[in-house]
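The residues making up each chain are set out below.
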Amino acid sequence: MATLFESHISLTIAVIIALGAASQWVAWRARLPAILPLLTTGFVVGPILGWIRPDEMVPSGLLYPAIALAVGLILFEGGLTLRIPEVKEIRTVVLRLVTVGALVTWFGGTLAAYLLTDLSLPLSFLFGALIIVTGPTVIGPLLRIVRPQARVANVLKWEGIIIDAIGAMVAVLVFEFVLIDNRDQAFGQTILLFLQFILFGTVTGVLGGLALAGLLRIRAVPDYLINVVALAAVFMVFSIASALGPESGLLAVVLMGIIVGNSGVPNINDLLSFKEDLTILFINVLFIVLAANIELDAFVGVLTVSGLSLLAVVMLVLRPLDIFVSTWRTQLQANEKLYLSWIGPRGIVAASVSSLFAARLGEAGFEGAQTLVSLVFLVIVGTVLLNSITARPLGRLLRVADPDPQGLLILGAHAAARKIAGFLQREGIQVLLADTNWSNVAEARSEGLGAYYGSLLSDRSDDELRLGGIGRLLALTSNDEANALTALKYARDFGSQDVYQLESGREASERNRLGDESRGRVVFHRGVPYRELARLVEGGEIVKTEVKEHFGFESLTEEYGSEVLPMFVINGKSIRVLVKDGPVPEPGSSVVSLVPRETTSGSA
């Protein structure tokens, strides 16, 4: 089998891509970060079975530059999603985490590796630098599973994005220092490399970002070429910066992404969608290739008491110390700090950069290069595995993840959805609107409602949405298929019993009717399609009626007329969405209904 793959490189590439897609599907079904099945697959087909050995099939002169370009694109995509106004909300904590916290992890990791393993001091110093980064490619799936409170989610998300570039920079500087350690004036040369990293990375990244953003803003590039031009620009900026200064391309592409993402370019959604698809593809290939490249003996060699002790120190000592030092005298509560202290998975940057360094260290004659990579992979696998298993129950135990979230995610920010959301928000119910129409989103925000601009079906929304406290979906658009697809997607997060959509506006024929298994529950007691809902909202008001003994919906009909539309039941801060032909509310609660405006005069 190994001979077959070695003689057919195209078959190897196809198999890796297919295995990556299968691993992503397994992760989706098992509700796990994709890194776990990807690394497992890489280990199995690489060091265990020996079917795929990337370093033997592809010359290192081609393999590692390709890996570097892929990492550059991943970092650019991370920068592209970084919105400066959102960072400002948590800037103090994030700033400390990526500076003081990074130093704590760096020096603590160095000391632990030197004392607990056979790594030399220079390689221990490099190990400490490599484990600084966490990873948005791992944090994102965890946040989707746990849905913690907004403040905790924001800290984890933005720490993961920013620390990637900073951690990579520190690792590069330490790596270069290690290589010139035996030369005269090594410290001075390292400072020079640092200045080159900052200068060339900043200049090329800023110029490249401004140029690309300018071209997109003035629409100098036709729509069908935007993605190709952007991809070419990213690779050019990365390569030029790296040629001018060692690994400066990492900083350049992050800055380039931040500038483009915050410049208000008109095609940003299409660009992000394209970059997301490429990023997923590259992540699939990278993790499998990097794991397949690990030497089995070296990895088994770190599965010892000393290696596992190092992992324990990273997770149980360094991460908590990092968090508590960085959050000293901030508004974060003790339970939030404890949760952040446990969640610190490492991701693609640690894996790829350590593998890149291992090849050059081996060429330079450093012993222990493979041990270094194996220890980094041990930390990656250990942190991701343990965090994935425990993130949700720990979140509920520490009360940073609501076990019974009452908030509603509403698909559609049109006038009817805004009116419903506004009433619920005044009742103390958390709401978040989502729409692909910018005018609707802008209007919702002007009314003081939380609103997300983009498609809930995109991968980008998975990373950007803040779903802490939200446990239900209400799909209220005029597009029945979009409502159904969104309901199916969020049924995995909220449960099929808590995803709702409007009644179809089509004639109920077998040809065009969606089956019950392909849609959410029909929302509101008297199921209505979009047009009727819009008409009722335009000519009606939303009222709350207290439920008395022997209540029936006919009571509402008698008071407000036959067009009354019961929508929700509120009991304190709890809410229940009424469904078509569902049960009547219990006494002591209140019914929220949409009623004709002329019937509200003098009534509740």
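Keep in mind that this is a model prediction, so the values were computed, not measured.

A. View of the side chain of Asn284. Among the secondary structure elements, Asn284 is positioned in helix α15 (residues 268–292). Take Asn284: its relative accessible area is 6%, and that puts it in the buried class. If sequence neighbours within four positions are ignored, Asn284 has contacts with Gly20, Ala21, Gln24 and Leu38.

B. Local environment of the packing of helix α17 (residues 305–326) against helix α20 (residues 369–397). Between α17 and α20, the shortest axis-to-axis distance is 10 Å and the interhelical angle comes to 55°. The angle between α17 and α20 places the two elements in the oblique class. In the packing of α17 onto α20, the handedness of the crossing is right-handed. Seen from α17, the contacting residues are Gly307, Leu308, Leu310, Leu311, Val314 and Met315; seen from α20, they are Leu375, Leu378, Val379, Gly382, Thr383, Leu386 and Asn387.

C. Quick look at the sheet that holds strand β1 (residues 407–411). Pairing is parallel in the open sheet, where six strands are placed in the order β3-β2-β1-β4-β5-β6. Edge strands, defined here as strands with exactly one partner in the open sheet, are β3 (451–453) and β6 (521–522). Here strand β5 (residues 499–501) pairs with β6 via two bridges, running parallel. Bridge pairing in β6 links Tyr500 to Arg521. Relative to strand β2 (residues 431–435), helix α21 (residues 415–426) is tilted by about 165°, and along the sheet it contacts β1 and β2. Taken strand by strand, helix α22 (residues 438–446) contacts β2 and β3, and its axis lies near 155° from that of β3.

D. Molecular detail of the packing of aromatic side chains. Counted by the stated rule, this structure contains eight aromatic pairs. On the basis of an interplanar angle of 70° and a centroid distance of 6.4 Å, the ring pair of Phe43 and Phe377 is categorised as edge-to-face. Taken together, the residues Phe43 in helix α3 (residues 35–48) and Phe377 in helix α20 connect sequence positions 334 residues apart. Residue classification places Phe43 among the buried residues on the basis of a relative accessible area of 12%. With relative accessibility at 0%, the residue Phe377 sits in the buried group.

E. Representation of unusual backbone geometry. Positive phi is not limited to glycine here, since Arg329 has a value of about 60°. Along the polypeptide, Arg329 turns up in the loop between α17 and α18 (334–342). The exposure class assigned to Arg329 is exposed, which follows from its relative accessible area of 75%. Even without being a glycine, Phe524 presents a positive backbone phi close to 75°. With respect to the secondary-structure elements, Phe524 resides in the loop between β6 and α25 (530–538).

F. Quick peek at the pattern of salt bridges. One pass over the structure, following the stated rule, counts nine salt bridges. One salt bridge connects Arg319 with Glu159, and the closest N-O pair in it is separated by 2.9 Å. Note that Arg319 is positioned in helix α17 and Glu159 in helix α11 (residues 150–179), a separation of 160 residues in sequence. Comparing Arg319 with Glu159, the two get one shared label, buried. For the salt bridge of Arg418 with Glu447, the shortest nitrogen-to-oxygen distance reads 3.2 Å. Residue Arg418 is located in helix α21, and its partner Glu447 is located in the loop between α22 and β3; the two are separated by 29 residues in the primary sequence. Judged by relative accessible area, Arg418 falls into the buried class, the value being 13%. Given a relative accessible area of 42%, Glu447 falls into the partly exposed group. A network of salt bridges, in which partner residues are shared, links Glu159, Arg319 and Asp322.

G. Expanded view of the environment of Leu457. By the element assignment, Leu457 lies in the loop between β3 and α23 (459–464). Here Leu457 falls in the partly exposed class, since its relative accessible area comes to 40%.

H. Broad picture of the nonpolar core. One finds Phe127, Phe357, Leu361, Leu372 and Phe377 to be the most contacted residues of the largest nonpolar core, which totals 133 residues. For this core, the leading source of residues is α11, giving 17 residues. Ignoring sequence-local partners within four residues, the contact set of Phe357 consists of Leu126, Leu130, Ala171, Val172 and Phe175. Core analysis: the second largest hydrophobic core is formed by 36 residues, Ala413, Phe423, Ile542 and Ile575 among them.

I. Inspection of a nonpolar patch on the surface at higher detail. A surface patch of nonpolar side chains, amounting to about 480 Å² of accessible area, comprises Val44, Ile48, Leu49, Trp51, Leu296 and Val300. Those elements giving two or more residues to the nonpolar patch turn out to be α3 and α16 (296–302). With respect to the helices and strands, the residue Val44 is situated in helix α3. A residue is classified by how much of its surface remains accessible, and Val44, at 31% relative accessible area, is partly exposed.

J. Spatial organisation of α11. The end-to-end C-alpha distance of α11 is 43 Å, a good match for the 44 Å that 30 residues give at a rise of 1.5 Å each. Of all bends in α11, the biggest is about 35°, found at Ile163. Counting buried positions along α11 yields 24 of 30 residues, so the element is predominantly enclosed.

K. Here's a closer look at the sheet that holds strand β7 (residues 540–546). In space, the four strands of this open sheet follow the order β7-β10-β8-β9, with antiparallel pairing throughout. The open sheet has two edge strands with one neighbour each: β7 and β9 (574–577). Neighbouring strand axes in the sheet, compared pairwise and without regard to direction, differ in orientation by 25° on average. Of the pairings in the sheet, the one linking strand β8 (residues 565–571) to strand β10 (residues 590–596) comprises five bridges and is antiparallel in character. The residue of β10 that forms the bridge with Phe568 is Val592. Running at roughly 35° to β10, helix α26 (residues 553–560) makes contact with β7, β8 and β10 of the sheet.

Conventions used here
- Residues numbered from 1 in each chain as written.
- Predicted model: local features only at pLDDT ≥ 70, side-chain atom pairs only at ≥ 80, totals over all residues.
- Heavy atoms only, no water.
- Helix = DSSP H or I, 4+ residues; strand = E, 2+ residues; numbered from the N terminus.
- Buried < 20%, exposed > 50% of the residue type's maximum accessible area, 1.4 Å probe, protein only.
- Contact = heavy atoms within 4.5 Å.
- Axes fitted to C-alpha atoms, helices over the stretch in contact; angles between N-to-C directions.
- Parallel < 35°, antiparallel > 145°, perpendicular 65-115°, else oblique.
- Left-handed = near helix turned anticlockwise from the far one by under 90°.
- Pairing = 2+ DSSP bridges.
- Phe/Tyr/Trp six-rings, centres within 6.5 Å; stacked < 30°, edge-to-face > 60°.
- Salt bridge = Lys/Arg side-chain N within 4 Å of Asp/Glu carboxyl O.
- Core = buried A, V, L, I, M, F, W, Y, C linked by side-chain atoms within 4.5 Å.
- Patch = residues over 30% accessible without salt bridge, like charges linked within 9 Å, V, L, I, M, F, W, Y side chains within 5 Å.
- Areas by Shrake-Rupley, 256 points an atom, 1.4 Å probe, with all protein chains shown as cover.
- Expected span 1.5 Å × (residues − 1).
- Bend = angle between axes of the 7 residues up to and from the residue.

Just geometry here; none of it tells us what the structure is for.
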